[in-house]
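Okay, here's what each chain looks like letter by letter:
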Amino acid sequence: MSKKQINKSAISSTTVVKEGRNMGVELFRVVSMILVVMLHVLGHGGVYSHCDFLSDNYKIAWFLEVCAYCSVNCYALISGYANVKSNFKFRRMINLWLEVVILNVGLTAVMAFLVPGAEVTTEYWLRAFFPLTKRAFWYFCAYFFMFPLIPILNKGILSLKKYQHVTIMFSLMFPIIFRLIVGKDNYVLGSGYSALWLICLYIIGSYFRIHGAPRWAKWFVTLPTFFIAAFVALRYKLNIEEQFVEGLIEKDSELYKGRGNLISYISPCMVIMAVALLLFFMQIRIKGKVITAIISNLGKATFGVFILHVGAAFWYHTDFWKQFNKFADYTPFKMVGAVILATLAIFLACSLISLARIYIFKLCRIDKAIDYLADLKFLKGKYVKKIRGDS
């Protein structure tokens, strides 16, 4: 190796070390999961569905819903940002699968034996023990399919020139524009509930990790962009509903049925909103050991939060979720406050349980045991000897 190559290698390795973890993106991970919880409080909790049609509360609840709807896209963008330059290890999927099973089985047991009035069926137990075969969590199943493709994706992405990466990203947006025009998902994106959509967002997120944020992406551009895109999506829906109330369109018309087209994972508005938030958070510089430690720990707990609050036994416990219906009867200001407080309470409670699982795993050295088995340290030497013909 020449001196020039050695110097380049040294510079490259130094850069990686200096880059470290972007705590702004870790904060974005936390915010994204909080938005996921809010999405479910508003939707599954029945807040906007119990508001009077087109009332102020209805419009405000739907505005919160639209702002939170990009959260899953945000989480997928973070996957591309965080993983494109990381060391790929298949064992991480074992850890993730084990986390899903342990948390879901534990949650199901608690609901079955400790929560009065909770009905835990055999189907819930099967979903807990077999999350993949029962498709208990769509995001986990989609991510599980995408995960083995990550080294291939990374290899291809890192070999791209900047203009090629940009071209690919804009090409990936064509199917969602096409869907808006023809009203059909001809590209099998599954309305965003698919591994293919996660791959599209992975590629977009990886671009900003490799090339950084554009010069124009200042906070006074990205945040207004987020809210403008949210307003456009909401206004499109409300305009059609107002036309229906005025008798200008029928309820069974294609226009009315498609009033939520812009409030979808594969909506251009949701993609723009997610990218705008990524650009905003990735440029935040966070210092201080205490705040860094808090964000880092909450970031580790986010996937556990997702598993816990959408686990079947808890998800279908109507006595818990229907209590949020009453928020629809509050004054607008009080309703917003109640939704935010309920969201944060669920997020923090699930985070504590998720963090407890993480530290119990560390205490029991389960992660190290998985690493040991994955490396096959006790067999590797034996196989090498056989291949070499050593005695």
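Residues numbered from 1 in each chain as written. Predicted model: local features only at pLDDT ≥ 70, side-chain atom pairs only at ≥ 80, totals over all residues. Heavy atoms only, no water.

### Some remarks on the overall build of the chain
Where we set the bar: Working definition: helices are DSSP H or I runs of at least four residues, strands are E runs of at least two. Numbering for both runs from the N terminus. Exposure categories follow from relative accessible area, calculated using a 1.4 Å probe and restricted to protein chains: below 20% of the type maximum is buried, above 50% is exposed, and the middle band is partly exposed. The contact rule is simple, with two residues in contact once any of their heavy atoms fall within 4.5 Å. The method behind every accessible area is Shrake-Rupley, applied with a 1.4 Å probe, and residues are considered shielded solely by the protein chains displayed.
Looking only at helices and strands, the chain has 20 helices and 0 strands in total. The proportion of buried residues among the 391 residues of the chain is 46%. Of the contacts made within the chain by residues no fewer than 6 positions apart, 79% connect residues no fewer than 24 positions apart. In the form shown here, the chain has an accessible surface area of approximately 20900 Å², with 65% of it arising from carbon and sulfur atoms.

### What about the packing of aromatic side chains?
Aromatic rings in a pair are described by how distant their centres are and how their planes are angled relative to each other. Selection rule: Only Phe, Tyr and Trp rings take part, Trp by its six-membered ring, and two of them pair if their centres are within 6.5 Å. Stacked means planes under 30 degrees apart, edge-to-face means over 60, and tilted covers everything else. The criterion for a charge sitting over a ring is simple: Lys NZ or Arg CZ within 6 Å of the ring centre, and within 35 degrees of the ring normal.
Applying the stated criterion across every chain yields a total of 33 aromatic pairs. Over the aromatic face of Y256 sits the side chain of R259, whose NZ or CZ is 4.2 Å from the ring centroid.

### Here's the deal with the environment of E242
Checked against the element boundaries, E242 lands in helix α12 (residues 219-245). E242 sits 188 residues away from L54 along the chain, and the two C-alpha atoms are 7.8 Å apart. Excluding its chain neighbours within four sequence positions, the residues that come into contact with E242 are L54, K59 and R235.

### Some remarks on the environment of A338
Relative to the helices and strands, A338 resides in helix α18 (residues 332-363). Spatially, the C-alpha atoms of A338 and F327 are 6.8 Å apart, while their sequence positions differ by 11 residues. Beyond its immediate chain neighbours, meaning those up to four positions away, A338 contacts F327 and Y330.

### What to know about unusual backbone geometry
The backbone of L54 sits at a positive phi, close to 65°, despite the residue not being glycine. The residue L54 is located in the loop between α2 (23-42) and α3 (56-69) in this model. L54 gets classed as buried once you look at its relative accessible area, which sits at 18%. At R365, a position not held by glycine, the phi torsion is positive, near 60°. Relative to the elements of secondary structure, R365 occurs in the loop between α18 and α19 (366-375). Residue class for R365 comes out exposed when judged on its relative accessible area of 53%.

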